[in-house]
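Analysis of the macromolecular model
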Amino acid sequence: MLTHRRSADRGHVDHGWLNARHSFSFASYHDPDHMGFRALRVINEDVIAAGQGFGTHPHRDMEILTYVIEGALEHKDNMGNGSVIRPGDVQWMSAGSGVTHSEFNPSADETTHLLQIWILPDRKDRVPDYGEKHFSVSDRTNRLRLVASRDGADGSLTWGQDVRLYASLLDNQHRVQLDLDPARHAWIQLIKGSLTVNGEHLASGDALAISEESHLDISATAASEFLVFDLT
């Protein structure tokens, strides 16, 4: 079963310094038909103006992953972590029993474009944790590169839920495939480009919720960047 979530149907807010599109209900955007998908609770596509960002704020009981598309993001938290992440960097934070952090665009003249992803953890009150890894363009090109998983397989980040997250840069007319347990589910988020997934066409910003399927056949009809979530 394939359910198409079109880019234009996402929630949208423009605060001037932040232009955001929400795949699921978030902040002032509420859609009872889109509260999440399985353990996937948030996919926000954010464009942050130069020198702007999110001041120090708290989180609890959430696995939070940031995927930078363009520009840079500066992170600081109360665990003592501080870094600037750029395209190819995947950053993860387990909020667990509680953390505070800030996120800013450190550039004086360029915007930051990113996806922020929240996953519900498999249990509450985890010990807060943090990690980041770089996955090169070549490592993600014309393949599904595992970037986060519960067991840290293939050098991926380890997070607190049975979700396997893949990232891919697919050249035009190239194809990748993924076998699925039909009892599991998947979500494909197309960041940019054009894909056909099991016969369903996706345009830039579109997503596809997938259930009761044993195989994904993903082909690019233009150079594309996308994520695939394999969920219980």
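In the block above lies the structure referred to throughout.
The sections below set out a description of the structure shown in this document. Each chain carries its own residue numbering, running from 1 in the written order of its sequence. Only residues with pLDDT of at least 70 get local features here, since the model is predicted, and only at 80 or more are side-chain atom pairs given and counted; chain-wide, interface and lining totals rely on the full set of residues. Remark: hydrogens and water are excluded; side-chain values derive from all non-hydrogen atoms of the structure.

Space inside and on the surface of the protein is sampled on a 1 Å grid over the protein atoms alone, with a cavity defined as a set of points where a 1.4 Å probe fits but cannot get out and a pocket as an open set with protein on both sides within 12 Å along at least 5 of 7 lines; lining residues have an atom within 4 Å of a point. Grid points are joined across faces, edges and corners, and a volume is the space filled by probe spheres set on the points. Applying the stated rule across the entire model yields 1 cavity of 30 Å³ or more. In this structure, the largest cavity occupies an estimated 30 Å³ of space. The wall of the largest cavity is formed by Ile64, Thr66, His75, Gln91, Met93 and His101. Runs of E in the DSSP output that reach at least two residues are strands. Runs of H or I that reach at least four are helices, and both are numbered from the N terminus. Counting only elements with at least two residues in the lining of the largest cavity, the list comes to strand S6 (63-70) and strand S9 (89-94). Here the term charged refers only to Asp, Glu, Lys and Arg, the term nonpolar to Ala, Val, Leu, Ile, Met, Phe, Trp, Tyr, Cys and Pro, and the term polar to all other amino acids, Gly among them. Among the residues making up the lining of the largest cavity, the classes are represented as 2 nonpolar, 4 polar and no charged.

Our focus in this paragraph is the sheet that holds strand S4 (residues 40-48). When DSSP finds at least two bridges between two strands, those strands are taken to pair. Strand order in the open sheet formed by 7 strands is S2-S3-S4-S11-S6-S9-S12, and the pairing between neighbours is antiparallel. Pairing within the sheet leaves two strands with one partner each, and these edge strands are strand S2 (11-14) and strand S12 (129-134). Going across the sheet, the axis of each strand differs from the next one's by a mean of 15 degrees, ignoring polarity. Between N-to-C directions, angles span 0 to 180 degrees; the directions come from axes that are lines fitted to C-alpha atoms, helices contributing only their stretch in contact.

All right, on to the nonpolar core then. Most often, soluble globular proteins have nonpolar side chains that are buried together. Grouped together as the largest cluster of nonpolar side chains are 28 residues, with contacts concentrated most on Leu40, Tyr67, Ile117, Trp187, Leu227 and Phe229. Only heavy atoms enter the contact rule, under which two residues are in contact if any of them lie within 4.5 Å. Leu40 has contacts with Phe24, Ile117, Trp118, Ile119, Trp187, Phe229 and Leu231, leaving out every residue within four places of it along the chain. Nine residue types can take part in a nonpolar core, namely buried Ala, Val, Leu, Ile, Met, Phe, Trp, Tyr and Cys, and a core is a set of them joined through side-chain atoms within 4.5 Å. Type-normalised accessible area, obtained with a 1.4 Å probe on protein chains alone, sets the label of each residue: buried when under 20%, exposed when over 50%, and partly exposed for intermediate values.

Strand order in this open sheet of 4 strands is S5-S10-S7-S8, and the pairing throughout is antiparallel. The open sheet has two edge strands with one neighbour each: strand S5 (53-59) and strand S8 (82-85). Strand-to-strand twist in this sheet, taken as the mean axis angle between neighbours without regard to direction, amounts to 20 degrees.

Of all 5 residues in strand S19 (residues 207-211), 5 are buried; the element is thus mostly enclosed. Residues Ala207, Ala209 and Ser211 of S19 are buried on one face, and the alternating residues Leu208 and Ile210, pointing to the opposite face, are buried as well. Note that strand S1 (residues 2-5) and S19 share 4 bridges and pair antiparallel. If you follow Arg5 over to S19, its bridge partner there is Ala207.

What follows deals with unusual backbone geometry. Notably, Arg38 is not glycine yet its phi reads approximately 55 degrees, a positive angle. Within the secondary structure, Arg38 sits in the loop between strand S3 (18-22) and S4. A relative accessible area of 47% means that Arg38 is categorised as partly exposed. The phi dihedral of Gln173 is positive, around 70 degrees, even though this residue is not glycine.

Residue placement: Gly71 occurs in the loop between S6 and strand S7 (73-77). The class of Gly71 is partly exposed, set by a relative accessible area of 24%. Along the sequence, Gly71 and Ile218 sit 147 residues apart, while their C-alpha atoms lie 27 Å from each other. Excluding residues that lie within four positions of it along the chain, Gly71 makes contacts with Ile85, Arg86, Pro87, Thr111 and Thr112.

Here the focus is the pattern of salt bridges. Working definition: two side chains of opposite charge can pair if their charged atoms are close together. Here a salt bridge means any side-chain nitrogen of Lys or Arg lying within 4 Å of a carboxyl oxygen belonging to Asp or Glu. Enumeration over the complete set of coordinates arrives at 15 salt bridges. Asp139 serves as the salt-bridge partner of Arg143, at 2.7 Å between the closest nitrogen and oxygen. Classification of Arg143 as partly exposed rests on a relative accessible area of 37%. Within the structure, one salt-bridge network assembled from shared partners comprises Asp122, Arg123, Arg126, Arg150, Asp162, Arg184 and Asp230.

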